[in-house]
Amino acid sequence: MPASSSMVTRTAFRALAVYFILYTAPFPLNCLPWLGELLAEAVSLLRSELATWVGRVVFGIDDLFTGPTGSGDTTEVQLIVLINVFITIVAVIVWSLVDRKQRDHAAAKRWLEHGCAWFLGITITYYGWAKIIPTQFPTPSLTRLLSTYGESSPMGLLWTFMGASPAYCVFTGLAETLGGTLVLFRRTRTLGALICVGVMTNVVMLNLCYDVPVKLFSLHLLALASGLAWLDRERLFALFWSHEAVPARELPPLFASRRGQIAGRVTAIALLAWVTYTSIDQGLDAYRSYGDGREHPPLYGIYDVDSFSLDAEELPPLTTDAVRWRALVIDSALPIELVDFERPGYITIQQMDGALSYHVVEYDTEALTMTVMPSGAYELDDDAEADVLRFEQTIDGLVVTGTWQGQALEARLQQRPRSKLVLLERGFHWINETPYNL
């Protein structure tokens, strides 16, 4: 006879099981090579269609945007969470009416625990590798280093803070990878869950306090880690509070047969190996494509403008001049191959008032010439009124000639020494006679 349980316990389990399946679908099938990507796209499309319909019919949102934005806290995502909650409520009511036996769902609870642990572990491990291989928080770009604190968004400031210290990024990545790996296995699950609680509490607070649009997702991960730790609450209480002897936790097998247990272990190890391989492979590819390992363009650097002439008339360095340059940044001038598209190269021009303008360019690295699109253009356009700049290297900088806004340009630029980039060059000092707090 199956063991009985209270109505509250049964209802809570059923709600958690249904919501977990809805929120994580098609996990774990999305981890499969090739097929997983197709399933993930199909589920994503279904969610978008449901969110669009609910948004229009229930909330009167006629123009819900459902495309990729890089944000995990869009209106679409909020609607999907509400839909999941509604479906969960309906499913639990139906389930409770159909199955009124006072069973404790022991086997189903074990499956739910493993599912939560593996979703949490795989996700956190993926984020950990993105920090160990510095792609989530790359070194601040030269353009970022020209921005002032007051002009930075809270998220931009956080990314600069993290990227300025690769060692700290690796440290946080190792903590995430350790917790995510330990939580996968039953004997180390509680320890892994506690590490994940600590890691994710910090992540959630960063997301909330620095307005990083991954708030909902990180809160879900924190809830999963807390729930897994809660399963061992009595033993943890005895260990940390009452100081009583802590009995060993019973670990009933997921499969009854010996063959099932072996097959489960083999599957788990294979899945972990595949996820680790893909995380490292994708991380290294991103590192070489747009991370710190990418190819720097010729003439890479920040150049301060010494003189600037248009149509043979030199413009004095007045902060009220909206045409003259203050500095030129050649950092991301080469195109980058991303997953779904190629991002064109661009240069950054700092105006005399400190404002930054971004210009898509086509860079001839052999002739050292650039076709420069007007500010605001996001791609190369043959019909746009583009300018052409030619660069000639000098001992300490560049001579730039060509056209700018339809006028003949001649400018002399001096390269800013890297030693002036204190954030990147300060380094570590064990002995500090005085605080170096600029």
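In case you missed it, the structure is sitting above this.
Engineer: Where do I start with the pattern of salt bridges in this structure?
Structural biologist: Here the idea is simple: oppositely charged side chains can pair when their charged atoms come close. This model, assessed by the stated rule, comprises nine salt bridges. For arginine 294, the salt bridge identified is with aspartate 331, shortest N-O distance 2.8 Å. Of the two residues, arginine 294 sits in the loop between helix H11 (258–289) and strand E1 (301–310) while aspartate 331 sits in the loop between strand E3 (325–330) and strand E4 (336–337), which places them 37 residues apart along the sequence. Neither arginine 294 nor aspartate 331 differs from the other in exposure class; each is buried.

Engineer: Help me out: how do you make sense of the nonpolar core in this one?
Structural biologist: Nonpolar side chains in soluble globular proteins generally cluster together in the buried interior. Ranked by size, the top nonpolar core spans 30 residues in total, and within it Trp118, Leu120, Val183, Leu224 and Leu228 carry the most contacts. Trp325, Leu368, Val400 and Leu409 belong to the second-largest nonpolar core, a separate cluster that totals 26 residues.

Engineer: I would appreciate a short explanation of the packing of helix H1 (residues 7–24) against helix H4 (residues 106–132) in the present structure.
Structural biologist: Describing two packed helices takes the angle between their axes plus the distance from one axis to the other. Where H1 contacts H4, the two axes come as close as 11 Å, and the packing angle between them is 40 degrees. Taken together, the axis directions place H1 and H4 in an arrangement best described as oblique. Crossing angle aside, the handedness with which H1 passes H4 is left-handed. Here H1 contributes Thr9, Phe13, Leu16, Ala17, Phe20 and Thr24 to the contact with H4, which in turn contributes Ala108, Lys109, Leu112, Gly115, Cys116 and Phe119. Counted by class, the contact of H1 with H4 contains eight nonpolar, three polar and one charged residues.

Engineer: Looking at this structure, I do not really get the pairing of E3. What am I missing?
Structural biologist: Consecutive side chains along a regular strand alternate between the two faces of the sheet. Counting buried positions over the six residues of E3 gives five, a clear majority of the element. Two strands pair when backbone bridges link them, and E1 and E3 are joined in this way by four bridges, in the antiparallel orientation. In the strand pairing of E3, tyrosine 303 is matched with leucine 328. With four bridges joining them, E3 and strand E6 (residues 345–351) adopt antiparallel strand pairing. Looking at E6, one finds that tryptophan 325 is bridged to glutamine 351.

Engineer: Sorry if this is basic, but what is going on with H1 here?
Structural biologist: Side chains that are three or four residues apart share a direction in an α-helix, a result of its 3.6 residues per turn. Between the first and last C-alpha of H1 there are 26 Å, a value that for 18 residues agrees with the 26 Å anticipated at 1.5 Å per step. Those residues of H1 not exposed but buried are Arg10, Phe13, Arg14, Ala17, Val18, Tyr19, Phe20, Tyr23 and Thr24. Where the residues of H1 are buried, they touch helix H2 (35–57), helix H3 (75–98), H4 and helix H9 (215–230).

Reading the values: rules and limits
Along each chain, residue indices are assigned from 1 in the same order as the chain's sequence is written. Local features in this predicted model are restricted to residues whose pLDDT is 70 or higher, and side-chain atom pairs enter the listing and the counts only when it is 80 or higher, whereas totals over whole chains, interfaces and linings include all residues. Working from all heavy atoms in the structure, the side-chain values ignore hydrogens and water. Think of a salt bridge as a Lys or Arg side-chain nitrogen and an Asp or Glu carboxyl oxygen that are within 4 Å of each other. By the criteria applied, helices consist of DSSP H or I runs no shorter than four residues and strands consist of E runs no shorter than two, each listed in order from the N terminus. Buried means the residue's accessible area, taken with a 1.4 Å probe over protein chains only, is under 20% of the maximum for its type, while exposed means over 50%, and partly exposed covers the values in between. Grouping buried Ala, Val, Leu, Ile, Met, Phe, Trp, Tyr and Cys residues that are joined through side-chain atoms within 4.5 Å yields what is termed a nonpolar core. Think of each axis as a best-fit line through the C-alpha atoms, taken over the contacting stretch in the case of a helix, with angles from 0 to 180 degrees between the N-to-C directions. Throughout, the term roughly parallel applies to angles under 35 degrees, roughly antiparallel to angles over 145, roughly perpendicular to angles from 65 to 115, and oblique to all others. Helix crossings fall into two classes, left-handed where the near helix is turned counterclockwise from the far one by less than a right angle and right-handed where it is turned clockwise. Here, residues are in contact when the closest pair of their heavy atoms is within 4.5 Å. Asp, Glu, Lys and Arg are counted as charged, while Ala, Val, Leu, Ile, Met, Phe, Trp, Tyr, Cys and Pro are counted as nonpolar; the rest, among them Gly, fall into the polar class. Think of it this way: DSSP has to see at least two bridges between two strands before they count as a pair. Expected span of a helix, by definition, is 1.5 Å for each gap between consecutive residues, and there is one gap fewer than residues.

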